[in-house]
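Letter by letter, the chains look like this.
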Amino acid sequence: MTRLHLRIFPNINNLLATLLWLGCALYLGGIAFWWMLRLVFADAWWWLYLVNSAAIFLFVAVPVAAVIAVLQRNAVLIAGVLFAAVLFASTWGGMLWPHSEPEPQGPVVTVMTYNLLVSNRNTEGVLAAIREADADVVGLVELNATIGDAIRRDLIEEYPYQALFDRGSLFGVGVISRYPIERIETNLDDPDWNGDPIAVQVDWEGGPFVFVAVHSPASSHKVEIRERHARLLRDFAEAQTLPVIVAGDLNASDRNQSISIIKEALNDAFREAGTGIGHTFPGASYADTRGSSRPEMFGIPWPKWLVRIDYVFYSDDWQAIDARIAPWEGSSDHRGVVAELALPE
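Predicted model, so just to flag it, every value in this text is computed and none were measured. (Residues numbered from 1 in each chain as written. Predicted model: local features only at pLDDT ≥ 70, side-chain atom pairs only at ≥ 80, totals over all residues. Heavy atoms only, no water.)

K.L.:
Please explain the layout of surface pockets as it appears in this structure.
P.N.:
If a probe the size of a water molecule is rolled over the atoms, the empty space left behind becomes visible. Estimated volume of the largest pocket: approximately 620 Å³. Taken together, 30 residues form the lining of the largest pocket, with Asn251, Phe281, Pro295, Val307 and Ile309 sitting closest to its centre. The biggest single contributor to the lining of the largest pocket is helix H2 (residues 46-53), with three residues. Classifying every residue of the lining of the largest pocket by side-chain character gives 16 nonpolar, eleven polar and three charged. The space that makes up the second largest pocket amounts to roughly 170 Å³. (1 Å grid on protein atoms, 1.4 Å probe; cavity = no way out; pocket = protein on both sides within 12 Å on 5 of 7 lines; lining within 4 Å. Points joined across faces, edges and corners; volume = space filled by probe spheres on them. Helix = DSSP H or I, 4+ residues; strand = E, 2+ residues; numbered from the N terminus. Nonpolar A, V, L, I, M, F, W, Y, C, P; charged D, E, K, R; others polar.)

K.L.:
Where do I start with the packing of aromatic side chains in this structure?
P.N.:
For any pair of aromatic rings, the description rests on two quantities: the centre-to-centre distance and the angle between the ring planes. Considering all chains together, one arrives at twelve aromatic pairs under this definition. Ring centres 5.6 Å apart and planes at 55 degrees place the aromatic pair phenylalanine 59 and phenylalanine 88 in the tilted group. Taken together, the positions of phenylalanine 59 in the loop between H2 and helix H3 (62-72) and phenylalanine 88 in helix H4 (residues 75-96) put the pair 29 residues apart, joining distant regions of the chain. The class for phenylalanine 88 is partly exposed, based on a relative accessible area of 24%. Ring geometry for tryptophan 305 versus tryptophan 328: centroids 5.0 Å apart, planes at 85 degrees, classification edge-to-face. Highlighted residues: tryptophan 305 in the loop between strand S11 (300-301) and strand S12 (310-314) and tryptophan 328 in the loop between strand S13 (319-325) and strand S14 (337-342), separated in sequence by 23 residues. Through a chain of ring-to-ring contacts, three or more aromatic side chains come together here, namely Trp34, Phe59, Phe88 and Trp92. Here the basic side chain of arginine 183 rests over the ring of phenylalanine 165, its NZ or CZ set 4.6 Å away from the ring centre. (Phe/Tyr/Trp six-rings, centres within 6.5 Å; stacked < 30°, edge-to-face > 60°. Buried < 20%, exposed > 50% of the residue type's maximum accessible area, 1.4 Å probe, protein only. Lys NZ or Arg CZ within 6 Å of the ring centre and 35° of its normal.)

K.L.:
Explanation requested: a nonpolar patch on the surface in the structure shown.
P.N.:
Together, Phe33, Trp35, Met36, Leu39, Val40, Phe41, Trp45, Trp46, Trp47, Leu50, Val51 and Phe83 give the surface a local cluster of nonpolar side chains, amounting to about 1,200 Å² of exposed area. Mapped onto the nonpolar patch, the elements with two or more residues apiece are helix H1 (2-41) and H2. For the nonpolar patch, the element with the most residues is H1, which contributes six residues. (Patch = residues over 30% accessible without salt bridge, like charges linked within 9 Å, V, L, I, M, F, W, Y side chains within 5 Å. Areas by Shrake-Rupley, 256 points an atom, 1.4 Å probe, with all protein chains shown as cover. Salt bridge = Lys/Arg side-chain N within 4 Å of Asp/Glu carboxyl O.)

K.L.:
What is the right way to read the side chain of histidine 334 from this model?
P.N.:
Within the secondary structure, histidine 334 sits in the loop between S13 and S14. On the basis of relative accessibility, which here comes to 2%, the residue histidine 334 falls in the buried class. Separated by 3.3 Å, the side chains of histidine 334 and asparagine 115 make a polar contact. Excluding residues within four positions of it along the chain, histidine 334 makes contact with Tyr114, Asn115, Asp249, Thr280, Phe281, Gly283, Trp305, Ile309, Asp310 and Trp328. (Polar contact = N/O pair within 3.5 Å; in protein donor to acceptor, adjacent residues only side chain to side chain. Contact = heavy atoms within 4.5 Å.)

K.L.:
What should I look at first to understand H2 in this one?
P.N.:
Taken together, the buried positions of H2 are Leu48, Tyr49, Asn52 and Ser53. Within H2, the buried residues cover an arc of 140 degrees as seen down the axis, which keeps them to one side. (Arc of directions from axis to C-beta.)

K.L.:
What's the story with empty space enclosed by the protein in this structure? I'm lost.
P.N.:
The tally for this structure, following the rule as stated, stands at one cavity of 30 Å³ or more. Contributing to the lining of the largest cavity are 14 residues, with Trp92, Ser253, Asp254, His279 and Arg308 lying nearest its centre. Looking at the lining of the largest cavity, the elements that each hand over two or more residues are H2 and H4. Partitioned by chemical class, the residues of the lining of the largest cavity number six nonpolar, four polar and four charged.

K.L.:
Just to check I follow, could you spell out the nonpolar core for this structure?
P.N.:
The nonpolar side chains of soluble globular proteins are, as a tendency, buried together. Formed by 45 residues in total, the largest nonpolar core has its most connected members in Phe209, Phe211 and Trp318. When residues in this core are grouped by element, the largest group, six residues, is from H4. Other than its neighbours up to four places away in sequence, tryptophan 318 contacts Val109, Trp204, Phe209, Pro243, Val244, Ile245, Leu341, Ala342, Leu343 and Pro344. Core analysis: the next-biggest nonpolar cluster, separate from the first, contains 22 residues, Val210, Val212, Ala252 and Ala265 among them. (Core = buried A, V, L, I, M, F, W, Y, C linked by side-chain atoms within 4.5 Å.)

All quantities given are derived from atomic positions and should not be read as evidence of function.
Pasting the structure below:
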């Protein structure tokens, strides 16, 4: 009986080691394969867009793979782990590493973007979140008439300058400001925006600048539309003579091609000055607010805050001082983003 055990257990151990090696090799090879696919094809297919959007979760098991690679003393696995670690660090490491705010080289303006969720009727929570964020200029998307009326009525002293378009469209868009604003014409016309973008010139004490509130459509099958919108925003920003800020819900992560297109002309405030992964979606479930787009599986909502799809972008005229997630009122399926930007003299 003892001899039989001696024969069986080594075989089991060898089989287990082989299975662990094979699993780690396939996992680490999958990460490398994704990296090559994104590099060559970007968001060419709807499923690749989804994988790119959630790419950060591909790296969750890298520490486990590292332990297995070291215990097995396998050079191939160790090389795969090192590749995955370097790829993760180069992509998200700068955001996770705490950093201090730089000394502003000029006056500072605070801006905010906020997707309110069109079915949201929590007016008190929305107004409290906007007040707590304490931004000078706020871009609002999915603005309905109930919240629009509350802003006109209750925030008129804090934000006397308002351009709110909450009627005539399922997806209302608006801008409120502590400084005078004047709506300006753009070349951003496209029938597929979720509400027409609003571009205003803000007569700020540090100098006039252009602020744009935008909302691109969701769905993995609308990649081409979002990339078209991204090119419109890039070309618009490049054509401006004043400093530019673009804020809104782009329905794409910063691993998606549409965001890369925008970044050809503008900078991502949270990536440059924020700390953490900054995920803004999904928030409230359908049970919290009817109409929420937080996915469900078998009636169970997916976990909160899986991706970062809300942004503040700025032109090279600005210096990013700080970026953070805005207060959440608990009823929207998004969290807002707040950014502090200095305008060097």
